[in-house]
Amino acid sequence: MKKFVSLFFHTPILIVLCLVFIVFGIPALARESQINEFAVAVGVGIDKSENENFEYGVSFLLFVPIPDQTFTENYKVLNADGDSVSDAVNQVGLYIGKKIRFAHIKTIVIGEDILNENIIEMLDYFVRENDIASSTKIVSTNGKALDFMKVAEKIDSKMTTKISEIVSYNSDDLFGVESSLENLYNGFLSPTKTSLVATLKMKDDAGLSEIDGGKQGGLSGEENKQESKKVYNDGEAVVLKSGKKVAVMSGDLTKSLNLFLGKFDTGFLTVFDVPFEKETNLSFEIFGGNAKTKAYFENDVPVLELFLDVEVELVEMETKDNKLLQESKTVALSNKQKTFIENAIKNDIKTLLEFESENKIDVTNLYCVFENCDKTKFEKFLRTLDDKDSYIGNILVKTKVNLKFR
């Protein structure tokens, strides 16, 4: 015992460790579990309130820890109305007797009825909340965010796939756009004031749904009808300008945008009516590619040269009579057919630019490209326009496509 006491006082680090345990360890052991003190939110949905006395209806997808040998994740959805988003958050806290924590939040869903408002102002609470990561995914839907959260609750509870993972995949795949809190604000604060928000729809007849013993889960009546809805991802995206919805991009347009920007690692590309003995639709799997641009002014007119390289492999041929799966090495494409495919991609790029011009938006970020190229000449060019927002339609874009076939 004397040896131990002597060793203790001659080893200062042991004294420090004991003090730390007394000051912090004992209170921590006596403290109630954090899960009993806080509610963990993994998703948030925002709608217009159906109660005329309030502005917003905010729904929360909460993680519910339940001891189980199968380690099944369980979730539940709560909803509250408030004059602001922060007010609704406080209301839920009062209802359940816990403070909402957002450290694990993955997705914020915007309901269709609120897209015409200023999304930036509405999301201000989440930007100022220190717990929320800037990589949090922003999603719009074709109905109420509350209904979407109910569908997400079933999918997240019963499947390994999460709603947030669908949006993350969009950012790597040719089909869809990257949509996060950081990108939303970067676009809003840029000279174009343009942002994109991915759309996940709810449908009855197609999409992703939960599987429970080979049968669709749900209860009877109207509730079962709601729970039978599926999450449908067709690559669509909402275009915001100055924080408000101005247009909707189809899945084909988001494909063209990703080709233009070179922002993809994989994906599938389909070209219709390619001339064979019969007009044939060809589907290609993409194994990488990049886009290089060269910007300059010619007679005071801005010119952009786009050089697009894409490596593809033919995976499917479809005619009006039948569908045949083919490997690329078994089908030799003629120069005429290759040129047809390249021209089809050029036309897709042209359609994208026409969409931008028609809606006076700049999702391709050409404003910054030419401002960085020669700011003086670009400002001079803008002064020649009757409407400065119409500059996209007055930029000459030359596209060159180089397909590499496996």
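Residues numbered from 1 in each chain as written. Predicted model: local features only at pLDDT ≥ 70, side-chain atom pairs only at ≥ 80, totals over all residues. Heavy atoms only, no water.

All right, on to the environment of S242 then. Note that S242 resides in the loop between β10 (237–241) and β11 (244–249). Setting aside its immediate chain neighbours within four residues, S242 contacts N118, F188 and K193. (Helix = DSSP H or I, 4+ residues; strand = E, 2+ residues; numbered from the N terminus. Contact = heavy atoms within 4.5 Å.)

Right, let's get into the nonpolar core. Judged by nonpolar contacts, the single largest core of 50 residues is most densely connected at M249 and Y391. Ignoring any residue separated from it by four or fewer positions in sequence, one finds Y391 in contact with T192, D362, Y367, F378, F381, L382 and L385. Y56, F60, I119 and F126 belong to the second-largest nonpolar core, a separate cluster that totals 33 residues. (Core = buried A, V, L, I, M, F, W, Y, C linked by side-chain atoms within 4.5 Å. Buried < 20%, exposed > 50% of the residue type's maximum accessible area, 1.4 Å probe, protein only.)

Between the first and last C-alpha of helix α4 (residues 85–96) there are 17 Å, a value that for twelve residues agrees with the 16 Å anticipated at 1.5 Å per step. Of all the positions in α4, only V85, D87, A88, V89, V92 and G93 are classed as buried. Following α4 by one or two positions, G97 adopts a phi angle in the positive range, close to 70 degrees. (Expected span 1.5 Å × (residues − 1).)

Turning to the layout of surface pockets, a few remarks are in order. Taken as a whole, the second largest pocket holds about 280 Å³ of empty space. When contributions to the lining of the second largest pocket are tallied by element, the ones reaching two or more residues are α11 (251–261), β12 (267–275) and α12 (335–359). Of all the elements, α11 adds the most residues to the lining of the second largest pocket, at five residues. A class-by-class count of the residues in the lining of the second largest pocket yields six nonpolar, three polar and three charged. (1 Å grid on protein atoms, 1.4 Å probe; cavity = no way out; pocket = protein on both sides within 12 Å on 5 of 7 lines; lining within 4 Å. Points joined across faces, edges and corners; volume = space filled by probe spheres on them. Nonpolar A, V, L, I, M, F, W, Y, C, P; charged D, E, K, R; others polar.)

The next subject is the pattern of salt bridges. All chains considered together, the criterion is met by eleven salt bridges. E55 is the partner of K48 in a salt bridge, and the nearest nitrogen-oxygen pair spans 3.0 Å. Judged by its relative accessible area of 31%, E55 is partly exposed. As a salt-bridge pair, D124 and R128 come within 2.7 Å of each other at their nearest N and O atoms. You can see D124 and its partner R128 sitting in helix α6 (residues 124–128), four residues apart, about one turn around the helix. Residues joined by salt bridges that share partners form a network here, namely K48, E55 and E117. (Salt bridge = Lys/Arg side-chain N within 4 Å of Asp/Glu carboxyl O.)

With that out of the way, let us pick up the pairing of strand β6 (residues 137–140). Of the two faces of β6, the one holding K137 and V139 and the one holding I138 and S140 are both buried throughout. Bridge analysis of strand β5 (residues 107–110) against β6 gives four bridges, and the strand direction is parallel. Bridging across to β6, V109 finds its partner in V139. Pairing between β6 and strand β7 (residues 194–199): two bridges, direction parallel. Bridge assignment links S140 to a residue of β7, and that residue is T199. (Pairing = 2+ DSSP bridges.)

A ring pair, where both rings are aromatic, is described by two values, the distance of the centres and the angle of the planes. Throughout the structure, instances matching the rule amount to eleven aromatic pairs. Their ring planes at 85 degrees and their centres at 5.2 Å tell us that Y367 and F378 sit as a pair that is edge-to-face. Of this pair, Y367 sits in helix α13 (residues 366–373) while F378 is found in helix α14 (residues 375–383), placing the two residues eleven residues apart along the sequence. Considered together, Y367 and F378 belong to a single accessibility category, that of buried residues. Here the aromatic rings of F370 and F378 are separated by 6.1 Å at their centres, their planes lie at 20 degrees, and the arrangement is stacked. The same class applies to F370 as to F378, namely buried. (Phe/Tyr/Trp six-rings, centres within 6.5 Å; stacked < 30°, edge-to-face > 60°.)

Here L257 lies in helix α11. Judged by relative accessible area, which is 2%, L257 ranks as buried. Ignoring sequence-local partners within four residues, the contact set of L257 consists of V177, L196, M249, L352, V363 and T364.

On the surface, I13, V16, L17 and V20 cluster together into a nonpolar patch covering about 350 Å² of accessible area. Counting through the fold element by element, V20 comes out in helix α2 (residues 12–30). (Patch = residues over 30% accessible without salt bridge, like charges linked within 9 Å, V, L, I, M, F, W, Y side chains within 5 Å. Areas by Shrake-Rupley, 256 points an atom, 1.4 Å probe, with all protein chains shown as cover.)

Okay, the confidence of the model for the protein chain next. Across the protein chain, the average pLDDT comes to 80, with 78% of residues at or above 70. Per-element mean pLDDT across the protein chain ranges from 44 in helix α10 (residues 221–227) up to 94 in α13. Note that pLDDT drops below 50 for residues 212–226; the model gives that stretch 16 contacts with residues more than four away or on any other chain. (pLDDT = per-residue confidence, 0-100.)

What follows concerns the side chain of S190. Within the secondary structure, S190 is located in the loop between α9 (181–189) and β7. Residue class for S190 comes out buried when judged on its relative accessible area of 17%. A polar contact is formed between the side chain of S190 and the backbone oxygen of G187, at a distance of 2.7 Å. Side chain to side chain, S190 and T192 meet in a polar contact 3.1 Å long. (Polar contact = N/O pair within 3.5 Å; in protein donor to acceptor, adjacent residues only side chain to side chain.)

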